[in-house]
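Residues per chain, in single letters:
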Amino acid sequence: MAARSTLRSIWTSFAGLKQSFTGTSVNSLRRVNVPQISAIEGQIIEVPAGPPPPNPTAKCPIYRWNLQHKYNYTDVLLLSQFIRSDGGMLPRRITGLCLEEHRKIAICVQMAHRAGLLPDHKPKLPEGHVPKRPKPQLNRYLTRWSIDSVKPIYKSGLKWCKKRMDVGHPALKNNVRYGVKPLYIKH
Amino acid sequence: MSSFSRSAQQWATFARSWFLIDARMQPPGKIATMCSVRLQGKHKPIYHALSDCGDHVVVLNTKHIAFSGNKWEQKVYSSHTGFPGGFKQVTAAQLHLKDPKAIVRLAVYGMLPRNLHRRTMMQRLHIFPEDELPDDIRANLTEELPQPREIPRKLSEYTQEEIDAFPRLWIPPEDYKMK
């Protein structure tokens with residue numbers, strides 16, 4: 001315990017920190033502009049402990065909160081807890097998600113990015129970077145494939161052999177549906 | 001309404017109304033079905049194919065239409081000029097950049113019945129790429145139709161209280177550096 005506190009004091013020796021062991025903590029990095037020395041200051045941000053989960057004995061956080069088949073690409077408040085500030089997913093060994101739920105959340109995060117629902121989680125471009133061709137701003141949602149990887153369907157075929165366009169993702173086929181209409185994935 | 005006089009009831013039944021639809025962030029197919037139903041007059045109990053009972057429909061903001069899936073890249077609009085070698089195929093994205101009204105217009109055209117009334121019904125459809133309307137059309141509007149698709153909220157549109165009210169699902173380990 002003493003060794004750990006001395007380690008922490010060495011690591012964060014450039015700033016005074018409030019350390020506390022109650023509640024949850026989130027570490028974040030910040031660059032400090034000191035003239036000759038470039039230093040990174042870590043801050044332990046305190047987050048107050050929230051309400052207890054309805055199913056505390058489960059291993060995966062989605063199962064702990066009983067949200068298994070209930071989330072979609074629009075639930076940005078849920079998805080934003082599992083992404084980094086540049087939009088990438090956090091590793092499974094850190095978040096504690098089980099494999100299927102990690103994949104489903106990754107798919108929903110991709111669809112949310114393509115729908116433009118996470119505008120502040122874009123990767124940082126180097127300074128002064130001007131894109132060569134201005135990209136067309138087209139609204140989209142439930143996009144399964146990446147935009148540059150899809151080819152146009154020039155010959156779509158007759159009704160019995162039609163090349164359908166994919167919408168949504170089959171991984172989310174077991175989501176709860178409150179209406180009567182079935183999930184329509186091939187348009 | 002039963003409180004109307006006979007002439008008022010007659011007018012209310014047979015008058016041609018003007019509907020307004022906002023197509024911002026909406027799928028063009030769903031907009032087109034709503035338009036085609038009202039252009040034919042199928043939303044009226046007095047409908048008959050020969051009785052010219054269709055209404056006018058005004059569609060706004062067709063420049064901000066939203067396709068589901070990868071249709072912007074996959075959907076292809078084909079046409080032939082009639083001359084040899086005149087087969088043109090354009091993706092939805094290219095067509096939209098060239099003419100923002102074309103996608104909704106072609107969708108409605110394909111959903112109307114294939115008879116001689118189709119052209120007159122298309123003349124009663126008024127499409128505008130942005131919010132601006134001419135004043136005479138704005139004066140004619142009677143009803144606005146609800147949008148078919150619920151627009152999801154972006155993360156930046158949530159207030160800080162709503163973000164704080166949502167419980168944290170997992171606690172990061174103390175020595176993990178979040179970027």
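Now for a description of the structure that goes with this document. (Residues numbered from 1 in each chain as written. Chains lettered and ligands numbered in written order. Predicted model: local features only at pLDDT ≥ 70, side-chain atom pairs only at ≥ 80, totals over all residues. Heavy atoms only, no water.)

Looking at the interface of chain B and chain A
You'll often see interface size given as the accessible area lost when the parts meet. Taken residue by residue, the interface counts 43 residues in chain B and 56 residues in chain A. Across the chain B to chain A interface the summed buried area is about 4,600 Å²; carbon plus sulfur atoms make up 63%. When the buried area of chain B at its contact with chain A is split by residue, Leu169, Trp170 and Glu174 of chain B rank highest and sum to 18% of it. Between the two partners, chain B and chain A, sit one salt bridge. Here Arg140 of chain A makes a salt bridge to Glu73 of chain B, at a shortest N to O gap of 3.0 Å. (Contact = heavy atoms within 4.5 Å. Buried area = accessible area lost by both parts, 1.4 Å probe. Salt bridge = Lys/Arg side-chain N within 4 Å of Asp/Glu carboxyl O.)

Looking at the pairing of strand E4 (residues 76-80) of chain B
Of the strand pairs in this sheet, E4 of chain B and strand E5 (residues 87-91) of chain B are connected by five bridges, and their pairing is antiparallel. Residue pairing across strands places Ser79 of chain B opposite Lys88 of chain B, the latter belonging to E5 of chain B. (Pairing = 2+ DSSP bridges. Helix = DSSP H or I, 4+ residues; strand = E, 2+ residues; numbered from the N terminus.)

Concerning the side chain of Thr95 of chain A
Within the element layout of this structure, Thr95 of chain A appears in helix H4 (residues 92-95). Apart from the residues lying within four places of it in its own chain, the contact partners of Thr95 of chain A are Pro61, Phe82 and Leu90 of chain A together with Trp170 of chain B.

Digging into the packing of aromatic side chains
For any pair of aromatic rings, geometry is given as the distance between the ring centres together with the angle between the planes. Evaluated as defined, the whole model comprises two aromatic pairs over all chains. Centre to centre, the rings of Phe82 of chain A and Trp170 of chain B are 6.3 Å apart; their planes meet at 10°, and the pair counts as stacked. Of this pair, Phe82 of chain A sits in the loop between helix H3 (76-79) and H4 while Trp170 of chain B sits in the loop between helix H8 (160-165) and strand E8 (177-178), each in a different chain. This pair shows no difference in class: Phe82 of chain A is buried, exactly as Trp170 of chain B is. Taking 4.9 Å as the distance between ring centres and 85° as the angle between the ring planes, the aromatic pair formed by Phe67 of chain B and Trp72 of chain B counts as edge-to-face. When its relative accessible area of 6% is taken as the criterion, Phe67 of chain B is described as buried. Judged by its relative accessible area of 0%, Trp72 of chain B falls in the buried class. If you follow Arg38 of chain B out to its NZ or CZ, it ends over the ring of Phe19 of chain B, 5.6 Å from the centre. (Phe/Tyr/Trp six-rings, centres within 6.5 Å; stacked < 30°, edge-to-face > 60°. Buried < 20%, exposed > 50% of the residue type's maximum accessible area, 1.4 Å probe, protein only. Lys NZ or Arg CZ within 6 Å of the ring centre and 35° of its normal.)

Some remarks on the sheet that holds strand E6 (residues 125-127) of chain B
Residues and elements named next belong to chain B. Pairing within the open sheet is parallel, and its four strands lie in the order E6-E2-E1-E7. Looking at which strands have only one partner, the edges of the open sheet turn out to be E6 and strand E7 (143-144). Here five bridges tie strand E1 (residues 18-22) to strand E2 (residues 56-60), and the two strands are oriented parallel to one another. Considered in E2, the bridge of Trp18 is made with His56.

A short note on a positive patch on the surface
Residues and elements named next belong to chain A. A contiguous patch of positive charge on the surface is contributed by Lys159, Lys162, Arg164 and Lys186. Relative to the assigned elements, Lys186 resides in the segment after strand E3 (139-141). A residue is classified by how much of its surface remains accessible, and Lys186, at 56% relative accessible area, is exposed. (Patch = residues over 30% accessible without salt bridge, like charges linked within 9 Å, V, L, I, M, F, W, Y side chains within 5 Å. Areas by Shrake-Rupley, 256 points an atom, 1.4 Å probe, with all protein chains shown as cover. Lys, Arg positive; Asp, Glu negative; His and termini not counted. Charge placed at Lys NZ, Arg CZ, Asp CG, Glu CD.)

Digging into the environment of Cys60 of chain A
Residue and element names in this part refer to chain A. Relative to the helices and strands, Cys60 is located in the loop between strand E2 (38-47) and helix H2 (61-64). Residue Cys60 is classed as buried on the basis of its relative accessible area of 4%. In this structure, the C-alpha to C-alpha distance between Cys60 and Tyr71, residues 11 residues apart in sequence, is 15 Å. Residues contacting Cys60, with those up to four places away along its chain left out, are Gly96, Leu97, Cys98 and Glu101.

Brief notes about the environment of Gln74 of chain B
Locating Gln74 of chain B in the fold gives a position in helix H3 (residues 71-74). Note: C-alpha distance between Gln74 of chain B and Thr91 of chain B (17 residues apart in sequence) is 6.7 Å. The contacts of Gln74 of chain B, once residues within four sequence positions are left out, are Val150, Lys151, Pro152, Ile153, Met165 and Asp166 of chain A.

Some details on the layout of surface pockets
A probe as big as a water molecule, rolled over the atoms, marks out the empty space that is left. Of the pockets and cavities examined, the second largest pocket occupies roughly 1,600 Å³. Taken together, 41 residues make up the lining of the second largest pocket; nearest its centre are Lys135, Pro136, Gln137, Arg140 and Ile147 of chain A. Put simply, the parts of the chain that give the lining of the second largest pocket at least two residues each are helix H5 (99-115) and E3 of chain A together with H3 and helix H4 (92-98) of chain B. If one sorts the elements of the lining of the second largest pocket by residue count, H5 of chain A sits on top with four residues. Looking at the lining of the second largest pocket residue by residue, the class counts come to 19 nonpolar, 10 polar and 12 charged. (1 Å grid on protein atoms, 1.4 Å probe; cavity = no way out; pocket = protein on both sides within 12 Å on 5 of 7 lines; lining within 4 Å. Points joined across faces, edges and corners; volume = space filled by probe spheres on them. Nonpolar A, V, L, I, M, F, W, Y, C, P; charged D, E, K, R; others polar.)

Some words on the packing of helix H2 (residues 28-40) of chain B against helix H5 (residues 102-111) of chain B
Residue and element names in this part refer to chain B. Closest axis-to-axis distance for the H2/H5 pair is 8 Å, and the angle between their directions is 50°. One element, H2, and the other, H5, form an angle in the oblique class. The handedness of the crossing between H2 and H5 comes out as right-handed. Residues Pro28, Gly29, Ala32, Thr33, Cys35, Ser36, Leu39 and Gln40 of H2 lie in contact with H5, whose contacting residues are Ile103, Val104, Ala107, Val108 and Met111. Its residues placed into classes, the contact of H2 with H5 shows nine nonpolar, four polar and no charged. (Axes fitted to C-alpha atoms, helices over the stretch in contact; angles between N-to-C directions. Parallel < 35°, antiparallel > 145°, perpendicular 65-115°, else oblique. Left-handed = near helix turned anticlockwise from the far one by under 90°.)

Re H5 of chain A
All names here are of chain A. Taking 1.5 Å of rise per residue, the 17 residues of H5 would be expected to cover 24 Å, and the 24 Å separating its terminal C-alpha atoms lies within 8% of that figure. Within H5 the residues assigned to the buried category are Glu101, His102, Lys104, Ile105, Ile107, Cys108, Val109, Met111, Ala112, Arg114 and Ala115. The secondary structure elements touched by the buried residues of H5 are H2, H3, H4 and E3. One or two steps after H5, the chain reaches Gly116, where phi turns positive at roughly 80°. (Expected span 1.5 Å × (residues − 1).)

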